[in-house]
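Summary of the model geometry
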Amino acid sequence: MTTPSPSHHVFILMGVSGSGKSAVANQVSHQLNTAFLDGDFLHPRSNIMKMADGHPLDDTDRQPWLQALNDAAFAMQRTQEISIIVCSALKKSYRDILRQGNENLKFIYLQGDFETIESRLKARKGHFFKPQMLVTQFATLQEPGADEPDVLVVDINHSLDEVVAATVATIEGAINKG
């Protein structure tokens, strides 16, 4: 089996809903000319149907989805120098599945407090904000600690352009570090 080049890297942009994962990933991907995948696109049909019916996913529902994302990260890494995947990855167990067998995968945690993210969600045009969803996201979040050295942190308490610049700098720093 051919292993990915050690110079090829995958970065998973993680954080709660409203932290800017998709907006940041789109701009970073464009600036760095990287491959980009929104992890939500890999949900199996059963998950999509469950969510469409208004039911939250449980860890059993997420297992095949997280495995598909792990496979996608490995595949992207084989052909791309830098790949970006968006996935909330709120629990350590989810991050463990995502990183399994992939030494060149790192997480970028878009970290922000409840008030900052709540104000951004309320300001979104054409977006119906449900405060309980954000409460649930923060309740589920297991913030990465020192036992997860592959998680890099970007503070989102800045303008989008500044967060994008910090994320680009974080990626470039991680790549140059080896």
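Residues numbered from 1 in each chain as written. Predicted model: local features only at pLDDT ≥ 70, side-chain atom pairs only at ≥ 80, totals over all residues. Heavy atoms only, no water.

Where we set the bar: UniProt positions are given in the numbering used here, feature names are shortened, and annotations may be inferred rather than shown by experiment.
The protein chain carries the name Gluconokinase in an unreviewed UniProt entry, which gives Candidatus Pantoea symbiotica as its organism. Check the Pathway (unreviewed entry) section of the UniProt entry for the protein chain; it says "Carbohydrate acid metabolism." Taken directly from UniProt, the Catalytic activity (unreviewed entry) text for the protein chain runs: "D-gluconate + ATP = 6-phospho-D-gluconate + ADP + H(+)".

Comments concerning the pairing of strand 3 (residues 82-86)
The cut-off we apply is this: Each residue is placed in one exposure class: buried if its accessible area under a 1.4 Å probe, protein chains only, is under 20% of its type's maximum, exposed if it is over 50%, and partly exposed if it falls in between. The helix count covers DSSP runs of H or I at least four residues long, the strand count covers runs of E at least two residues long, and both are numbered beginning at the N terminus. A pair of strands is considered paired only if DSSP assigns at least 2 bridges between the two.
Burial analysis of strand 3 places five of its five residues in the buried class, which makes it a mostly covered element. In strand 3, alternate side chains face the same way, and those of Ile82, Ile84 and Val86 on one face and Ser83 and Ile85 on the other are all buried. Across five bridges, strand 1 (residues 9-14) lies against strand 3 in parallel orientation. Paired with Phe11 across the bridge in strand 3 is Ile84. The pairing of strand 2 (residues 35-38) with strand 3 spans four bridges and is parallel. By the bridge assignment, Asp38 is partnered in strand 3 with Val86.

Some thoughts on unusual backbone geometry
Trans is the common state for peptide bonds, and a negative phi is the common state for residues other than glycine. Here the phi dihedral of Asn33 falls at roughly 55°; this positive angle occurs in a residue that is not glycine. Along the chain, Asn33 falls in the loop between helix 1 (21-32) and strand 2. Residue Asn33 is classed as exposed on the basis of its relative accessible area, which comes to 70%. The phi dihedral of Ala89 falls on the positive side, at around 45°, and the residue is not glycine. Positionally, Ala89 belongs in the loop between strand 3 and helix 4 (92-99). Note on Ala89: relative accessible area 1%, which makes it buried.

Quick look at the packing of helix 3 (residues 59-79) against helix 4
The following threshold applies: Think of each axis as a best-fit line through the C-alpha atoms, taken over the contacting stretch in the case of a helix, with angles from 0 to 180 degrees between the N-to-C directions. Oblique is the label for every angle not falling under 35 degrees (roughly parallel), over 145 degrees (roughly antiparallel), or within 65 to 115 degrees (roughly perpendicular). What makes a crossing left-handed is the near helix being turned counterclockwise from the far one by less than a right angle; a clockwise turn instead makes it right-handed. Residue contacts are defined here by distance: any two heavy atoms, one from each residue, within 4.5 Å place the two residues in contact.
The interhelical angle for the contact between helix 3 and helix 4, taken along N-to-C directions, is 30°, at an axis separation of 8 Å. On the basis of their axis angle, the class for helix 3 and helix 4 is roughly parallel. The hand of the helix 3/helix 4 crossing is right-handed. In this structure, helix 3 uses Asp59, Arg62, Gln63, Leu66, Gln67, Leu69 and Asn70 to contact helix 4, whose residues at the interface are Tyr94, Ile97, Leu98 and Arg99.

Comments concerning the pattern of salt bridges
Stated precisely, the cut-off is as follows: The rule for a salt bridge is simple: a side-chain nitrogen of Lys or Arg has to be within 4 Å of a carboxyl oxygen of Asp or Glu.
Here the structure, examined in full by the defined rule, presents ten salt bridges. The closest approach of N and O atoms between Arg95 and Glu148, which form a salt bridge, is 2.8 Å. Taken together, the residues span a long stretch of sequence, with Arg95 in helix 4 and Glu148 in the loop between helix 6 (131-140) and strand 5 (151-155) at a distance of 53 residues. A relative accessible area of 4% means that Glu148 is categorised as buried. Measuring nitrogen to oxygen at the nearest pair gives 2.7 Å for the salt bridge that ties Arg99 to Asp150. Of this pair, Arg99 sits in helix 4 while Asp150 is found in the loop between helix 6 and strand 5, placing the two residues 51 residues apart along the sequence. The class for Asp150 is buried, based on a relative accessible area of 14%. When salt bridges with common partners are traced through the structure, they connect Lys92, Arg95, Asp96, Arg99, Glu148 and Asp150 into a single cluster.

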